[in-house]
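What follows is each chain in one-letter form.
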Amino acid sequence: MGKLYVVGFGPGGYEHMTAKCIRVIQEADVVTGYTTYVNLLKEYFPEKTYLATPMMQEVKRCRMAVEEAMKGQTVAMVSSGDSGIYGMAGIIYQVAEEMKAEIEIETVPGVTAASAAASVLGAPLMHDFAVISLSDLMTPLDLIMKRVDCAGQGDLIVCLYNPKSKKRTGYVEQAAEILMGYRKRETPVGIVRNAGRKDESSQITTLEHLKDAEIDMFSVVIIGNSQTYVRGNRMITPRGYEV
């Protein structure tokens, strides 16, 4: 029986990959994934056999991985961050079930973008938080903004994935307007671009001025709750300890 690992390799740098992630990739007969992610891994595992597909071909990519495992091979389907958080784990299980594949599947977790970005900013996720993707490819925009509104009502720290693209230019501003209905305009906001990668950069602004910040698809936006503050260049959310 073949085995299919769904592997989260973290932000992209070798130092953020778990020991299990590294072992699974090293031992796999075939590594499959999104073209950009495969190119990242080739730097660290140049000897591996890779199969890749471009963006918007996720189902095809999963079928390809399942087919390779059905041949009796060990396959590593890779995702950046954590494979079970906006990654490929869910769709792999769905495709394997649809294909009636008699293979073993195992999910290998990794460092997700929220924790990678938070580590750059200081300690912004020290209390309850919500991770919300602003991509409306799979989720209607009104439902996305409803989730933002609910997070605002609950005073949750909000971590935004996929905040802006060439087509989606105003969703961050819309989310900020919703949250300003529940928290102060000077609420700290951290933005990390390419967290954990070679060209990593970060900035701290406020909810009011988020509309002026440089943000793209490679950015993670972390919006503080009512208790979050900034000291020096660090964004901190108290957990509630008496100090």
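Small disclaimer: the values here were computed from a predicted structure and weren't measured.

Enquirer: For this particular structure, what's the right way to read the overall build of the protein?
Expert: Broken down by element type, the protein carries 7 helices and 13 strands. For the protein, the C-alpha radius of gyration of 19 Å lies close to 18 Å, the compact-globule estimate for 243 residues. Seen through its C-alpha atoms, the protein measures out along the principal axes to roughly 55 × 35 × 35 Å. Counting every position in the protein, which comprises 243 residues, the buried fraction comes to 47%. Within the protein, counting contacts between residues at least 6 apart in sequence, those at least 24 apart form 69% of the total. On the protein, roughly 12,400 Å² of surface is accessible, and the fraction owed to carbon and sulfur atoms is 51%. Treating the 26 positive side-chain charges of the protein as one cloud and the 29 negative ones as another, the clouds have centres 2 Å apart.

Enquirer: Please clarify how the sheet that holds strand 4 (residues 74-79) should be interpreted in this entry.
Expert: Picture the strands of a sheet paired through backbone hydrogen bonds; they go either parallel or antiparallel. The strand order across the open sheet built from 5 strands is 3-2-4-1-5, with neighbouring strands paired in parallel fashion. Across the chains shown, the open sheet's two edge strands, defined by having one partner strand only, are strand 3 (50-53) and strand 5 (104-108). Put simply, the sheet's adjacent strands are angled 20 degrees from each other on average, direction ignored. Pairing analysis gives 4 bridges linking strand 2 (residues 30-34) to strand 3, with the strands arranged parallel. The residue of strand 3 that forms the bridge with Gly-33 is Ala-52.

Enquirer: Explain the layout of surface pockets to me, please; I cannot follow it from the model alone.
Expert: Empty pockets left among the atoms are what a rolling probe the size of a water molecule brings to light. Volume-wise, the largest pocket comes out at about 1,700 Å³. Taken together, 49 residues form the lining of the largest pocket, with Tyr-37, Met-55, Tyr-86, Asn-162 and Met-217 sitting closest to its centre. Mapped by element, the contributors of at least two residues to the lining of the largest pocket are helix 2 (35-42), helix 3 (58-70), strand 4, helix 4 (89-98), strand 7 (129-133), helix 6 (141-153), strand 9 (188-193) and strand 11 (219-223). Counted by class, the lining of the largest pocket contains 24 nonpolar, 15 polar and 10 charged residues.

Enquirer: Which parts of the structure should I look at to understand the pattern of salt bridges?
Expert: It is possible for side chains bearing opposite charge to pair when their charged atoms get close. All chains considered together, the criterion is met by 10 salt bridges. Ionic pairing is found between Glu-106 and Lys-3, a salt bridge with its closest N-O pair at 2.8 Å. One end of the pair, Glu-106, is in strand 5; the other, Lys-3, is in strand 1 (residues 3-8), and 103 residues separate them in sequence. Looking at Glu-106, the relative accessible area reads 21%, which means it is partly exposed. On the basis of relative accessible area, Lys-3 is assigned to the buried category, the value being 15%. Of the charged contacts in the structure, one is a salt bridge between Arg-23 and Glu-27, with a shortest N-O distance of 3.5 Å. Here Arg-23 pairs with Glu-27, and both are found in helix 1 (residues 19-27), just 4 residues apart, close to one helical turn.

Enquirer: Explain the side chain of Thr-237 here, please?
Expert: Within the element layout of this structure, Thr-237 appears in the segment after strand 13 (234-236). Judged by relative accessible area, which is 1%, Thr-237 ranks as buried. Separated by 2.8 Å, the side chain of Thr-237 and the backbone oxygen of Pro-124 make a polar contact. Every residue in contact with Thr-237, bar those within four places of it in the chain, is listed here: Ala-123, Pro-124, Met-126, His-127, Ile-157, Asn-225 and Thr-228.

Enquirer: Before we go on, may I ask you to explain the packing of aromatic side chains in this structure?
Expert: Ring pairs (aromatic) are described by centroid distance and by the angle formed between their planes. One pass over the full model with this rule turns up 5 aromatic pairs. Seen in terms of ring centroids, Phe-9 and Tyr-37 are 5.8 Å apart; in terms of plane orientation they differ by 75 degrees. Their pairing is edge-to-face. Placement of the pair is Phe-9 in the loop between strand 1 and helix 1 and Tyr-37 in helix 2, with a sequence separation of 28 residues. Among the residues examined, Phe-9 registers a relative accessible area of 0% and is labelled buried. Classification of Tyr-37 by relative accessible area gives partly exposed; the value is 21%. Note on Tyr-86 and Tyr-161: the rings are 5.4 Å apart at their centroids and 55 degrees apart in plane angle, and the pair reads as tilted. One end of the pair, Tyr-86, is in the loop between strand 4 and helix 4; the other, Tyr-161, is in strand 8 (residues 157-161), and 75 residues separate them in sequence.

Enquirer: Would you take a moment to explain a nonpolar patch on the surface for this structure?
Expert: Taken together, the side chains of Met-55, Met-56, Leu-137 and Met-138 present a nonpolar region at the surface, about 540 Å² in accessible area. Structurally, Met-138 is set in the loop between strand 7 and helix 6.

Enquirer: Sorry, what's going on with the nonpolar core here?
Expert: Burial of nonpolar side chains together is a common tendency in soluble globular proteins. The biggest cluster of nonpolar side chains holds 24 residues, and the ones touching the most others in it are Ile-132, Leu-160, Leu-210, Val-221 and Ile-223. If you list the elements that add at least two residues to this core, you get strand 7, helix 6, strand 8, helix 7 (171-179), strand 9 and strand 11. Counting residues in hydrophobic clusters, the runner-up holds 17 residues, among them Val-7, Val-24, Leu-41 and Val-108.

Scoring rules and cut-offs
- Residues numbered from 1 in each chain as written.
- Predicted model: local features only at pLDDT ≥ 70, side-chain atom pairs only at ≥ 80, totals over all residues.
- Heavy atoms only, no water.
- Helix = DSSP H or I, 4+ residues; strand = E, 2+ residues; numbered from the N terminus.
- Rg over C-alpha atoms; globule rule 2.2 N^0.38 Å.
- Buried < 20%, exposed > 50% of the residue type's maximum accessible area, 1.4 Å probe, protein only.
- Contact = heavy atoms within 4.5 Å.
- Areas by Shrake-Rupley, 256 points an atom, 1.4 Å probe, with all protein chains shown as cover.
- Lys, Arg positive; Asp, Glu negative; His and termini not counted.
- Charge placed at Lys NZ, Arg CZ, Asp CG, Glu CD.
- Pairing = 2+ DSSP bridges.
- Axes fitted to C-alpha atoms, helices over the stretch in contact; angles between N-to-C directions.
- 1 Å grid on protein atoms, 1.4 Å probe; cavity = no way out; pocket = protein on both sides within 12 Å on 5 of 7 lines; lining within 4 Å.
- Points joined across faces, edges and corners; volume = space filled by probe spheres on them.
- Nonpolar A, V, L, I, M, F, W, Y, C, P; charged D, E, K, R; others polar.
- Salt bridge = Lys/Arg side-chain N within 4 Å of Asp/Glu carboxyl O.
- Polar contact = N/O pair within 3.5 Å; in protein donor to acceptor, adjacent residues only side chain to side chain.
- Phe/Tyr/Trp six-rings, centres within 6.5 Å; stacked < 30°, edge-to-face > 60°.
- Patch = residues over 30% accessible without salt bridge, like charges linked within 9 Å, V, L, I, M, F, W, Y side chains within 5 Å.
- Core = buried A, V, L, I, M, F, W, Y, C linked by side-chain atoms within 4.5 Å.

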